[in-house]
Amino acid sequence: LLRAIPDAGLEREVPRRWDTPNPGLPFLQAADGSKLAWYRVGNGTRPALFIHGLIQGPFFTSDFVDSLDENDLYLICPSRPGFGYSEPSSTRENYNQTVIDDCMGLLAHLDISSLPVVVHQGGSSHGFRIAKQLGSACLGLVLVDGGVPVHDEASLQYMNSGSRMMAAATRRSSSFLKMLTRLGLATYRLRG
């Protein structure tokens, strides 16, 4: 697929680096001893937990951050194990529980007992589990381009083609989803 990219797409200057931003990036040692990277975005006093679906990031526009400040909000944005600057989990077997444990440990470290949870794209399923773990301490759940878990084939017909492909891949073939992600990153790095 990469060889099939038309030459016209290569005429732009290729970015030399494509990295997660790291100015002021704090780290926390997770319960399993790994390093958890997280971001605080905004200068407000009211926190919200933001579980993003990005391999790198999260990324926010300055206008968005200004809106957070105007509304006295800030986001706590942990990167899941193996994403951004967070170290991989010790085992793939307990990955989902590790994500929950990391977030609960981070909230305890920050002395935050209740807050809303905001979930984004591929972070949705993790955000749902974290919200469930928080129970009544979860003050709300906001989906930003989030996914609804697919439990039956009938749900697929209501999705656009991109969402349908990702939902089906997630449910039926995790290795296919991994391949799509790798191809997508390689294409982005090549074409910008």
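Above this note sits the structure.
Residues numbered from 1 in each chain as written. Predicted model: local features only at pLDDT ≥ 70, side-chain atom pairs only at ≥ 80, totals over all residues. Heavy atoms only, no water.

Caption draft 1: Focus on the nonpolar core. Ranked by internal contacts, the top residues of the largest apolar core, which has 23 residues, are Leu49, Ile76, Ile130 and Leu134. Elements represented by at least two residues in this core include exactly strand 2 (35–41), strand 3 (46–51), strand 4 (73–78), helix 2 (95–109), strand 5 (115–120) and helix 3 (124–134). It is helix 2 that provides the largest number of residues to this core, a total of 6 residues. Look past the residues within four positions of Ile76 in its chain and what remains in contact with it is Trp38, Tyr39, Pro47, Ala48, Leu49, Phe50, Leu106, Leu107, Leu110, Ile112 and Leu115. Judged by nonpolar contacts, the second largest core, of 10 residues, contains Ala48, Phe50, Leu75 and Cys77. (Core = buried A, V, L, I, M, F, W, Y, C linked by side-chain atoms within 4.5 Å. Buried < 20%, exposed > 50% of the residue type's maximum accessible area, 1.4 Å probe, protein only. Helix = DSSP H or I, 4+ residues; strand = E, 2+ residues; numbered from the N terminus. Contact = heavy atoms within 4.5 Å.)

Caption draft 2: The packing of aromatic side chains, seen in detail. In the structure shown here, the tally under the stated rule is 2 aromatic pairs. Aromatic pair Phe60 and Phe64: ring centres 5.3 Å apart, planes at 10°, arrangement stacked. Looking at Lys35, its charged tip hangs above the ring of Phe27, at a distance of 4.6 Å from the centre. We note Arg40 situated over the ring of Tyr74; from NZ or CZ to the ring centre the distance is 3.6 Å. (Phe/Tyr/Trp six-rings, centres within 6.5 Å; stacked < 30°, edge-to-face > 60°. Lys NZ or Arg CZ within 6 Å of the ring centre and 35° of its normal.)

Caption draft 3: Examining a nonpolar patch on the surface more closely. There is a patch of nonpolar side chains on the surface, built from Met165, Met166, Phe176 and Met179 and spanning about 340 Å² of accessible area. Looking at the nonpolar patch, the elements that each hand over two or more residues are helix 4 (161–172) and helix 5 (174–191). (Patch = residues over 30% accessible without salt bridge, like charges linked within 9 Å, V, L, I, M, F, W, Y side chains within 5 Å. Areas by Shrake-Rupley, 256 points an atom, 1.4 Å probe, with all protein chains shown as cover. Salt bridge = Lys/Arg side-chain N within 4 Å of Asp/Glu carboxyl O.)

From the geometry alone we can't say anything about function, so treat these as descriptive.
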